Amino acid sequence: MSFWTSLQPERIELMCLPDVCQLLKSYDRYLFKELENILLPDFLEEVPAQHIDSIRSFSENVKCWMLNPLGGFPLLLQTSKSNEAKEFVKRLRRQTDLCNMVKTVRALLNNNSTVTVLRSGLHAIFNEKSLDVTKDLFQEKFRNPKKRQKNIQLKCLKNFISSLTSSTDIRDLLSCLSSDLQTFVIKV
């Protein structure tokens, strides 16, 4: 017998009050965050493919495991739990996708010839002016938001190229990109 089916009717009514549903929602959110931390504490770490597959399998089943026992319960409680379960599944999928991307990027960055080709390709973009920017890009103060956006993109790209020159560690590159986002995108 599950927890939900063993509840007395007056307790079910209490759990379906909006404030109690909100409280249960916050508990579910906390539970799911802790599950994420246990299943995948750091998506930048090497994670075996079998572990990623297990996480994906778990995420596909968790919604059913949570919602099936609530079949006869009021809609407000079911909706609240369903929404949190859906968000949890989305976050886990996103994190496993990021794990796979990091694994691919790490493999590419460990290949010196690939990094050299990437750097030279990016330098070629600047030399051929493929970005449709002028030489005095960094001295000009833009009033036009489109030109200003190109300026931000160019600064981020130049920083990325210099990061590739100094390091091919994925953490360093992500730190640089994160810093650029903070500096050039969020603060602008």
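Structural data are supplied above this passage.
What's the story with the packing of aromatic side chains in this structure? I'm lost.
Where two aromatic rings form a pair, the distance of their centres and the angle of their planes describe that pair. In this structure the tally under the stated criterion is three aromatic pairs. When the centroid spacing of 4.5 Å and the interplanar angle of 20° are considered together, the rings of Phe32 and Phe88 count as stacked. With Phe32 in helix α2 (residues 18-39) and Phe88 in helix α4 (residues 75-109), this residue pair connects regions lying 56 residues apart in the sequence. Residue class for Phe32 comes out buried when judged on its relative accessible area of 1%. For Phe88, a relative accessible area of 0% gives the class buried. Chaining the aromatic ring pairs together yields one cluster made of Phe32, Phe58, Trp65 and Phe88.

When you look at the environment of Lys33 in this model, what are you seeing that I'm missing?
Following the sequence through the fold, Lys33 ends up in helix α2. Taking the relative accessible area as the measure of exposure, Lys33 reaches 40% and is therefore partly exposed. Between the alpha carbons of Lys33 and Phe88 there is a distance of 7.8 Å; along the sequence they are 55 residues apart.

Conventions used here
- Residues numbered from 1 in each chain as written.
- Predicted model: local features only at pLDDT ≥ 70, side-chain atom pairs only at ≥ 80, totals over all residues.
- Heavy atoms only, no water.
- Phe/Tyr/Trp six-rings, centres within 6.5 Å; stacked < 30°, edge-to-face > 60°.
- Helix = DSSP H or I, 4+ residues; strand = E, 2+ residues; numbered from the N terminus.
- Buried < 20%, exposed > 50% of the residue type's maximum accessible area, 1.4 Å probe, protein only.

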